[in-house]
Amino acid sequence: MADLTTDFLGIKSPNPFWLASAPPTDKEYNVRRAFEAGWGGVVWKTLGSEGPPVVNVNGPRYGVIYGADRRVLGINNIELITDRDLYTNLEEIKRVKADYPDRAMIVSIMVPCEEQAWKDILPLVEDTGADGIELNFGCPHGMSERGMGAAVGQVPEYIEMVTRWCKQYYSKPVIVKLTPNITDIRKPAAAAMRGGADAVSLINTINSITSVNLDTMSPEPSIDGKGTHGGYCGPAVKPIAMSMVSEIARDPETAGLPISGIGGVTTWRDAAEFMSLGAGNVQVCTAAMTYGFKIVQEMISGLSQWMDEKGYTSTDQFVGRAIPNTTDWQYLNLNYVAKAKIDQDKCISCGRCYAACEDTSHQAIAMSEDRTFSVIDEECVACNLCVDVCPVEDCISMVAMEPGTVDPRTGKVVEKEYANWTTHPNNPAATAAE
Amino acid sequence: MNSPFTPGIAASRLSQDDLAENFTDLHAPLDAHEAAVAADRCYFCHDAPCITACPTDIDIPLFIRQIATGTPEAAAKTIFDQNILGGMCARVCPTEDLCEQACVREMAEGKPVEIGRLQRYATDTVMDKGVMPFNRAEPTGHKVAVVGAGPAGLSCAHRLAMLGHDVTIYDAKPKAGGLNEYGIAAYKSTDDFAAREVEWLTSIGGIEIKHGFTLGDNLSIDELTGCFPAVFLAVGLGGVNALSIDGNDRDGVEDAVDFIETLRQADDLSSLPVGRNVVVIGGGMTAVDAAVQSKLLGAETVTIAYRRGRDAMSASRYEQDLAASHGVKLMFNVQPVAVHGNGAAVALELEYTATTDGKLSGTGETIRLPADQVFRAIGQTLTTDAGLELDGRKIAVTDTGRTSRKGVWAGGDCAAGGDDLTVTAVAEGRDAAMDIHATLMEGA
């Protein structure tokens, strides 16, 4: 069985699965249960400044998006940072870390954008013996209205400034958690790097309204008839998160900056995908909130099995392995030609491929009287929609055409050589071949 | 109290509680969550095979999607648009031979979408509220006679009423519903569903039902055509094929349809006598319904004796398995020879059969089964041809139900063509109504 021990910023944990800063990590009781269940690390729920803690709403904090059979696809929340006393949290962190020295313990912090506020809290956190801190620059609701959370994360200059204070007043690793509620994730990541951050973690939750109650005309979750936008997370946000992770991993300015991947990680496979795009480890929340802490057992066994099958003996061997294959559209090979192919033995004749192609794509699937569906190569642009909507796995596949053969759609010979848009004759900005 | 082992034909073989349990819904209704889960399995196929397989062409993927999105009322409307007896069809259709057999998930996994139960969920939602989702068109002033208040007659009447015509239904029985009320197994139409459905269906207005009128008896086709510009015959098959074997007249030898009718109309199931050893002769749905219900009433042994092989049996494989799972023994390739006994039946003698050169004949080998009660379920026949041209043993009709006589349409079991199924009768009644409407409105 592959060794899942992960070294992230010098912080060792028995596996790359950490619980994200969120409701599951708000108390000693929960965190102990998480460690007993096998989680490799925990980012303690965000601490605020000393003094009266924030208050939460006393009605619903979560909204949900369901798939079939009420399967949770996404949850949003309007919960704020910890609403418990700062010192209670600090004492608990210290106790738990002492009892679980082999697990990663990171403390999430969000205090006002003033140097003194950070100067005050950081020594207290340092004293807990925790392995590092994570700066919550991501919370999109409530705290952002008070100039914290996403309000900081949306201004690169603030990120850089606060990160610098943290590196100045705290000796251990500093992770900057990024909000996705911006246009270009590379800008805040670069700012964090300039400020001296040891790593970034992303994504925090996405601004969202999950649903509207059509009887009361109130967004959910509804508090006494009113709703507000909350932070969206869960499997539904994974594609957005992975794209952002890859952007940071690919950009020359931020390449090499350690990343803790967050956003809809639900299974070992999700974790492996995030890590292949450059995340050194992953953080999980919604899956644990949906199924409980036990899911980490499947993540551990699944990742180990896959690593064994692939011959990886440590997680760092596959971190970032998909990055060289992640590129810009303009560099995609326009000479690559594929055609859809339907495996008639697997086809159950539902006709979804036909409806999708006929109504919304290229009229490239033929339907016979006896409900046999076949691809019309003369029309097929290999868009993949038929594959996407087919309910049977591997029934429709995209088959690459051999170089030298003629594409019946264009009448052109499939070229062996790679050629992309930058040199394409239709591109008005095409540069001469280098 | 008696028991399954009480000799002869006796009532009260089981306790009231056991009887109540035995005659509950064959398929419990889906609750809202179960329906949502079941609905989600539908792939929303293009030009879906299930629609093609439905004799009434219900847009099944659409109604299932309407259930999935929380609008079972809209789903019910989709169903009723095509099949106003969608509630009963959801209960009695042999879906395993129709829509669910065609379901692509049957091919993919051997587990089709539960179309029948989903249809019931949708139709129950609307019918339980007493909502009739259709309004009548402006009155046309035309009056149409329908003979027979079974599925074909009711379907035709509702469609005609909806289109603005006034309909008078003549029926022989004291209650409307036809076979839905009198002829199908009790566990398929629980809580007086057949009667409730008639009440709901006629709530559209413009439909008057007159009871006690039998075509060829106190009602004639000439009278009807004299009073009505259009007549729809849906009289079903009121006669029973005769069984000519020795001892056919012994006590305990009965028609299965009579037994089922008595059972369906019984207020107290424990008052119904049933044999200790029952044999049902036949291979159709009526045979299965009679056999299973005999067992549920507490008969010790029940056997279905069918003269051909399993594949030729008109009861579906699903129905055969249903019978077997209730402890009914299925015997194939046996034909009745004689009912033995001294006054009352005590045994049925059967002869084994074989098919040679496509012809069925006895092999000479016989077997005797103990039998206090023998049910004949060997098919039903027309009681009158009403002077109309026949096609085989049924009234000859065109695609839209026109008979050989102008102004007279026919549909349901009495008309040739199509399977003798509730859903087929509904389709024929509906289509005849559309043709009657078009004919009446010509030149209007």
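### Side note on the overall build of chain B
- Secondary structure assignment for chain B yields 17 helices and 19 strands.
- Here the C-alpha radius of gyration of chain B, 22 Å, is about what a compact globule of 444 residues would show, namely 22 Å.
- Expressed along its principal axes, the backbone C-alpha trace of chain B runs to roughly 70 × 55 × 50 Å.
- Relative to its full complement of 444 residues, chain B shows a buried share of 49%.
- Across chain B, the fraction of contacts at a sequence separation of at least 24, relative to all contacts at a separation of at least 6, is 71%.

### Observations regarding the overall build of chain A
- Helix and strand counts for chain A come out as twelve helices and 20 strands.
- Over its C-alpha atoms chain A spans a radius of gyration of 25 Å, differing by no more than 12% from the 22 Å that the globule rule assigns to 434 residues.
- If one aligns the C-alpha atoms of chain A with their principal axes, the spans along those axes are about 75 × 60 × 50 Å.
- Looking at chain A as a whole, 44% of its 434 residues qualify as buried.
- Long-range pairs, those at least 24 residues apart, make up 70% of the contacts in chain A between residues at least 6 apart in sequence.

### Here's the deal with helix α5 (residues 156-169) of chain A
Residue and element names in this part refer to chain A.
- Given a rise of 1.5 Å per residue, 14 residues ought to cover 20 Å, and the 20 Å separating the end C-alpha atoms of α5 matches this to within 8%.
- Within α5, the full set of buried residues consists of P156, I159, V162, T163, W165 and C166.
- Where α5 is buried, its residues meet α3 (115-126), β8 (132-136), α4 (150-153), β9 (174-177) and α6 (186-194).

### A closer look at the domain arrangement of chain B
Residues and elements named next belong to chain B.
- Each assigned domain of chain B is listed with its residue range as follows: domain 1 (32-127), domain 2 (143-237 + 386-441) and domain 3 (240-376).
- Taking only C-alpha atoms into account, the centre of domain 1 sits 25 Å from that of domain 2.
- Contact with domain 1, which involves twelve residues of that partner, is made by 19 residues of domain 2.
- Per-element tally for the side of domain 1 that touches domain 2: the top contributor is helix α6 (residues 86-92), with five residues.
- Taken together, the residues that form the side of domain 1 that touches domain 2 break down as eight nonpolar, three polar and one charged.

### A short note on the sheet that holds strand β11 (residues 329-331) of chain B
Residue and element names in this part refer to chain B.
- The sheet built from five strands is open, its strands ordered β7-β15-β9-β10-β11 with parallel pairing. Since the sheet does not close on itself, it has two edges, and those belong to β7 (253-255) and β11, each with one partner. Taking each pair of neighbouring strands and ignoring which way they run, the sheet shows an average axis angle of 20°.
- The sheet contacts of helix α14 (residues 256-265) involve β7, β9 (277-282) and β15 (373-377), and relative to β7 the element is tilted by about 75°.
- Its contacts with the sheet place helix α15 (residues 285-297) against β9, β10 (301-305) and β15, and it is angled at close to 170° to β9.

### A short note on the nonpolar core
- Core analysis: the largest hydrophobic core is formed by 155 residues, its most contacted members being F232, L233 and V280 of chain B.
- Discounting residues that sit within four places of it in the chain, F232 of chain B has contacts with V144, V146, G153, C156, W409, A410, G411, A432 and I436 of chain B.
- If you look at the next biggest cluster of nonpolar residues, it comprises 96 residues, including W44, A192, V265 and A272 of chain A.

### Some details on the interface of chain A and chain B
- At the interface, twelve residues of chain A touch ten residues of chain B.
- Its residues assigned to classes, the side of chain A that touches chain B comprises seven nonpolar, two polar and three charged.

### Observations regarding unusual backbone geometry
All names here are of chain A.
- Of note, the bond from L202 into I203 is cis; its omega dihedral lies within 30 degrees of zero at 10°.
- Here I203 is to be found in the loop between β10 (199-202) and β11 (206-208).
- Residue P221 follows E220 across a cis peptide bond; omega there is -5°.
- With respect to the helices and strands, P221 occurs in the loop between β13 (218-220) and β14 (230-233).
- One non-glycine residue, L9, lies in positive phi territory at about 60°.
- Mapped onto the elements of the fold, L9 is located in the loop between β1 (6-8) and β2 (11-13).
- Residue A382 is not a glycine yet carries a positive backbone phi of 65°.

### A word on the sheet that holds strand β5 (residues 62-66) of chain A
Residue and element names in this part refer to chain A.
- The sheet built from four strands is open, its strands ordered β5-β6-β14-β11 with antiparallel pairing. The open sheet terminates on both sides in strands that have one partner only, identified here as β5 and β11. With strand direction ignored, the average angle separating the axes of adjacent strands in the sheet is 35°.
- As paired strands, strand β6 (residues 72-77) and β14 are joined by three bridges and run antiparallel to one another. When the sheet's bridge partners are listed, I75 is paired in β14 with C233.

### Examining the environment of V31 of chain A
Residues and elements named next belong to chain A.
- Here V31 is to be found in helix α1 (residues 28-37).
- Note on V31: 26 C-beta atoms within 10 Å, which makes it buried.
- In this structure the C-alpha to C-alpha distance between V31 and I93, which are 62 residues apart in sequence, comes to 9.1 Å.
- Every residue in contact with V31, bar those within four places of it in the chain, is listed here: T25, V42 and V96.

### What to know about the pairing of β5 of chain A
Residues and elements named next belong to chain A.
- With five bridges connecting them, β5 and β6 associate as antiparallel partners. Residue pairing across strands places V64 opposite I75, the latter belonging to β6.
- Two successive antiparallel strands, β5 and β6, enclose a turn made up of five residues, where D69 displays a positive phi of approximately 60°.

### Examining the confidence of the model for chain B
- Across chain B, pLDDT averages 96, with 100% of residues at or above 70.
- Here the predicted complex scores 0.89 on pTM and 0.83 on ipTM.

What counts, and where the lines are drawn
Residues numbered from 1 in each chain as written. Chains lettered and ligands numbered in written order. Predicted model: local features only at pLDDT ≥ 70, side-chain atom pairs only at ≥ 80, totals over all residues. Helix = DSSP H or I, 4+ residues; strand = E, 2+ residues; numbered from the N terminus. Rg over C-alpha atoms; globule rule 2.2 N^0.38 Å. Buried ≥ 20, exposed ≤ 12 C-beta atoms within 10 Å, placed from the backbone. Contact = placed C-beta atoms within 7 Å. Expected span 1.5 Å × (residues − 1). Domains from an automatic or database assignment. Nonpolar A, V, L, I, M, F, W, Y, C, P; charged D, E, K, R; others polar. Pairing = 2+ DSSP bridges. Axes fitted to C-alpha atoms, helices over the stretch in contact; angles between N-to-C directions. Core = buried A, V, L, I, M, F, W, Y, C linked by C-beta atoms within 7 Å. pLDDT = per-residue confidence, 0-100.

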